[in-house]
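Okay, here's what each chain looks like letter by letter:
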Amino acid sequence: MDFSHINWLAVVAAGVSAFLVGGIWYSPLLFANPWMADNKLNPDELKTSNKGRIFGFSFFFSIIMAVNLGMFLADAKTDVSWGATAGSLAGVWTFSAIAIQGLFELKSWRLIFINGGYSLVSLTLMGTIIGWWR
C-alpha cells in the first residue's frame, strides 16, 4: 500500500461527514423516534446518558472508519466513482453485519434498516469524499 496516495485531509473530512450524517440520521428530523421506540429508550434516558463518552467515541470511530476506507482507496486510479462504489460496498458489508447482529438480538427490521441504512449512507458519502478529493 502506498500511503502517499492517501489524502489525510479528505480522510478527516470523510470521518467528520459520517459523524454529521449520524447527527442528522438519528435526529427527530429523520429516525430518532422510531429508533428510540425500537430500542425501548425514552428521551429522559438519553438526557442522562454520558454525552462525552457517546459523542467522543462516535467521532473517534467515524475517523477510524474513514482511515480504513482511505487505505482501501489508496491508489492513484481512485476517482469519485470508484470512491462512491467502494464506500457503498463497504456499507453493504457493514449493513449485513448489523443485520446479522440485529436478527440474533431479536431487533425489528425497522431498527435493522435504520442502523444499517446509516452505515450504508455514511460509508458511501465517505468514499465519495475520499475519491473526489484526490
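Now for a description of the structure that goes with this document. Since the structure is predicted, the reported quantities are computational estimates derived from the model, not experimental observations.

## Overview of the overall build of the chain
Part 1 of the argument: The helix and strand tally for the chain stands at 6 helices and 0 strands.
Part 2 of the argument: Sequence-ordered secondary structure for the chain, helices as α and strands as β, is α-α-α-α-α-α.
Part 3 of the argument: Relative to a compact globule of 134 residues, whose C-alpha radius of gyration would be 14 Å, the chain shows 16 Å and is just as compact.
Part 4 of the argument: Projected onto the principal axes, the alpha-carbon positions of the chain cover approximately 50 × 30 × 25 Å.
Part 5 of the argument: When burial is assessed residue by residue, the chain has 34% of its 134 residues classed as buried.
Part 6 of the argument: Restricting to contacts in the chain with at least 6 residues of sequence separation, those with at least 24 account for 81%.
Part 7 of the argument: Within the structure as shown, the chain displays about 8200 Å² of accessible surface, and the carbon and sulfur contribution to it stands at 72%.

## Points about the pattern of salt bridges
Part 1 of the argument: The tally for this structure, following the rule as stated, stands at 1 salt bridge.
Part 2 of the argument: Two residues, Arg110 and Asp38, come together in a salt bridge whose shortest N-O distance is 2.5 Å. Of this pair, Arg110 sits in helix α6 (residues 109-132) while Asp38 sits in helix α2 (residues 32-38), placing them 72 residues apart in sequence.

## Structural notes on helix α4 (residues 51-72)
Part 1 of the argument: Between its first and last C-alpha, α4 extends 31 Å over 22 residues, near the 32 Å set by a 1.5 Å rise per residue.
Part 2 of the argument: Three or more residues of α4 are buried, namely Ser62, Ile63, Ala66, Leu69 and Gly70. Buried residues of α4, viewed axially, fall in a sector of 130 degrees; they line one side. Of the residues in α4, the exposed ones pointing more than 90 degrees away from the buried face are Arg53 and Phe72.
Part 3 of the argument: The inward-facing, buried residues of α4 abut α1 (8-25), α5 (80-104) and α6.
Part 4 of the argument: With a side-chain oxygen lying 3.2 Å from the backbone nitrogen of Gly52, the N-terminal cap of α4 falls on Asn50.

Calculation notes
Residues numbered from 1 in each chain as written. Predicted model: local features only at pLDDT ≥ 70, side-chain atom pairs only at ≥ 80, totals over all residues. Heavy atoms only, no water. Helix = DSSP H or I, 4+ residues; strand = E, 2+ residues; numbered from the N terminus. Rg over C-alpha atoms; globule rule 2.2 N^0.38 Å. Buried < 20%, exposed > 50% of the residue type's maximum accessible area, 1.4 Å probe, protein only. Contact = heavy atoms within 4.5 Å. Areas by Shrake-Rupley, 256 points an atom, 1.4 Å probe, with all protein chains shown as cover. Salt bridge = Lys/Arg side-chain N within 4 Å of Asp/Glu carboxyl O. Expected span 1.5 Å × (residues − 1). Arc of directions from axis to C-beta. Polar contact = N/O pair within 3.5 Å; in protein donor to acceptor, adjacent residues only side chain to side chain.

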